Amino acid sequence: MIISCSHEEINLSRALSYRDVVLIASCDTYRIFIDPSIVDKLSRAREKFLEYIGRGECYGVTTGLGAQLETKISKKDLSEIYRIVLRQHAAGVGEYLPREFVRGAMIALAKQLSLGYSAVSPEIISVLVEMINRNITPLVPRYGSLGASGDLAPMSYIALAIYGEGSVIDEKGVTKPSKEVFEQENIKIPRIDVKDPLSLINNTAMSLSIASHVLYMADKLLASLIITSAISLEAMASPLEPFSKSVSEAKKQTGVGLISKIIRELLSDSSINRSTILQDRYSFRTIPQVLGNFYDVLKFSRSIINTELNSSTDNPIFDGEKCVSGGNFYGIYVTSAVESLSTPLFQALAQSERRVFSMLDPKLSRGLPPFLTKGSDTGYMISQYTMVSLLNRISSLLYPSSIFTTPTSASQEDHVSNSYNSSLKMFEALDLGMYIASIEYLIGSKALILRDKIDYISSSVKRFVKEIKELIEKDLWNYELGKLINEARNKLENLIENELRNKPLNEILY
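Being a predicted model, the structure only gives us computed values, none of them experimental.

Draft legend 1. Structural view of the side chain of Asn 315. Secondary-structure assignment places Asn 315 in the loop between α13 (287–309) and β8 (317–318). Judged by relative accessible area, Asn 315 falls into the buried class, the value being 6%. A polar contact of 2.7 Å, which involves the side chain of Asn 315, links it to the backbone nitrogen of Gly 326. Residues in contact with Asn 315, not counting those within four places in the same chain, are Tyr 59, Leu 198, Asn 202, Val 324, Ser 325, Gly 326 and Phe 329.

Written as structure tokens, this is what we have:
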């Protein structure tokens, strides 16, 4: 995922958004800090918590975990028991997660712990901040979380790294033991103290990190599909009445109005003759409804994830007076936010494939050569096969993880949210979706050039096509089509990074 970075200092004491998480996680140039006044409050909360523990009971501090909650733990045994528990919870398998996902989880965790509900030692948060700022990233296996008692398995690898165990990737990208890197960076390994290890793992920070990357990718995909739709509308000389203000105002859905407005602006100075078509196919005519629905649901999902990032997902919490058990670690809000995108996403991608099919089929393309080639070869034919293959894979990924649940921990935790798997699958679906948008970018631009209508298309579309012109001029007799699709994706992602900073595309972010 291509991301433009800048040099900034970000105060985690302010409200954090999903875009903040992705930018900090992906860019080594950002630095984070927590306001000193917040650190003072955390210290006072910690002192009150320690006073309470001297006389009161607290799950996971004076008791065992899960179904072992009836087991009492002596304070003198806590440190060694916690270390053992972290090792036992580090039950992940598979390849390692991308560095950005792990960094994002550390950012989300530092933010949530800084809210004060966890009553952890401020030193723990300080170490997390130092690890992020110095690009020290724990190695975390990909599979193992249910998003129920938080992301226990993946977060255990982060916790172990904080306590000098396990492996990390240092700022040079070299894998080393955590203890060695901490010594090199002169970071003091904190001692294992009451509640700290539990708060490090009993949260949905990893689900939230991946969900944040999901939303960032969804922003880019929506913007991409708006651009590729505009190109295809020009390439097929489609009527623009479906994007008129009168039509969108009659619908009264926010997304329909916004997408119609953006398309009108992108095509405002087009002079292509569209008078020969009274009413176009659905894949062109219902773009405002399909992409508008995508926008409206995405806006809902953003709100959910932003709220979760600025909430405590720990259990138990300390309310200032006593230790209170609850279920804030249950990741159902994250699950709902990412799985809500399933229908809008598939509809938008399937519609993109239909537009490409129209431009490749000589019976539907309004005069374009078969498969956009003037020879006897297959031209761009197989690019549509690739789209269908991608759609098939995406459809399997969109099967909701939330409808599968099973008891764990001897039925003390008798159903689970699967927020982690929901987020992982949705990220893959969106990543594949970017290839679908890239193929439409390629095909629509090629169709425009073949029609020789470049002087009549809108200035915005002309700018979009100019970015890819060198690719569509390549001779497919001597160039693999797959390479062309990959290069088109790079061009599209770079284009989107720039376009989202300015109107009209940046309006989909707010």
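Draft legend 2. Broad picture of the state of the cysteines. This structure, assessed with the given rule, holds two disulfides. A sulfur-sulfur distance of 1.9 Å marks the disulfide that ties Cys 5 to Cys 27. Note on the Cys 5 and Cys 27 pair: the S-S dihedral is about -80°, so by sign convention the disulfide is left-handed. Taken together, the positions of Cys 5 in the segment before β1 (9–11) and Cys 27 in the loop between α1 (18–26) and β2 (31–33) put the pair 22 residues apart, joining distant regions of the chain. Exposure remark for Cys 5: the relative accessible area of 43% places this residue in the partly exposed category. On the accessibility criterion, Cys 27 (0% relative accessible area) is buried. Note on cysteine connectivity: Cys 58 is disulfide-linked to Cys 323, with sulfurs 1.9 Å apart. Placement of the pair is Cys 58 in the loop between α2 (36–53) and α3 (78–89) and Cys 323 in strand β9 (residues 323–324), with a sequence separation of 265 residues. You'll find Cys 58 and Cys 323 in the same group, each marked buried. Taking only the cysteines that form disulfides and numbering them from first to last, the chain has the pattern 1-2, 3-4.

Draft legend 3. Here's a closer look at the environment of Asn 498. If you trace the backbone, Asn 498 turns up in helix α19 (residues 481–499). Given the relative accessible area of 42%, Asn 498 is considered partly exposed. Counting along the chain gives 494 residues from Asn 498 to Ser 4, while the straight-line C-alpha distance between them is 8.7 Å.

About the thresholds
- Position numbers for residues start from 1 in each chain and track the written sequence from start to end.
- Local features in this predicted model are restricted to residues whose pLDDT is 70 or higher, and side-chain atom pairs enter the listing and the counts only when it is 80 or higher, whereas totals over whole chains, interfaces and linings include all residues.
- Heavy atoms throughout the structure, all of them, feed into the side-chain values; hydrogens and water do not.
- In DSSP terms, a helix is any run of H or I states spanning at least four residues, a strand is any run of E spanning at least two, and both are numbered starting from the N terminus.
- Relative accessible area decides the class of each residue, using a 1.4 Å probe on protein chains only: under 20% of the type maximum gives buried, over 50% gives exposed, and in between gives partly exposed.
- We call two N or O atoms a polar contact when they sit within 3.5 Å, provided that within protein one can donate a hydrogen and the other can accept it, with sequence-adjacent residues counted only if both atoms are side-chain atoms.
- The criterion used for residue contact is that any of the two residues' heavy atoms lie within 4.5 Å.
- Disulfide: a pair of cysteine sulfur atoms within 2.5 Å of each other.

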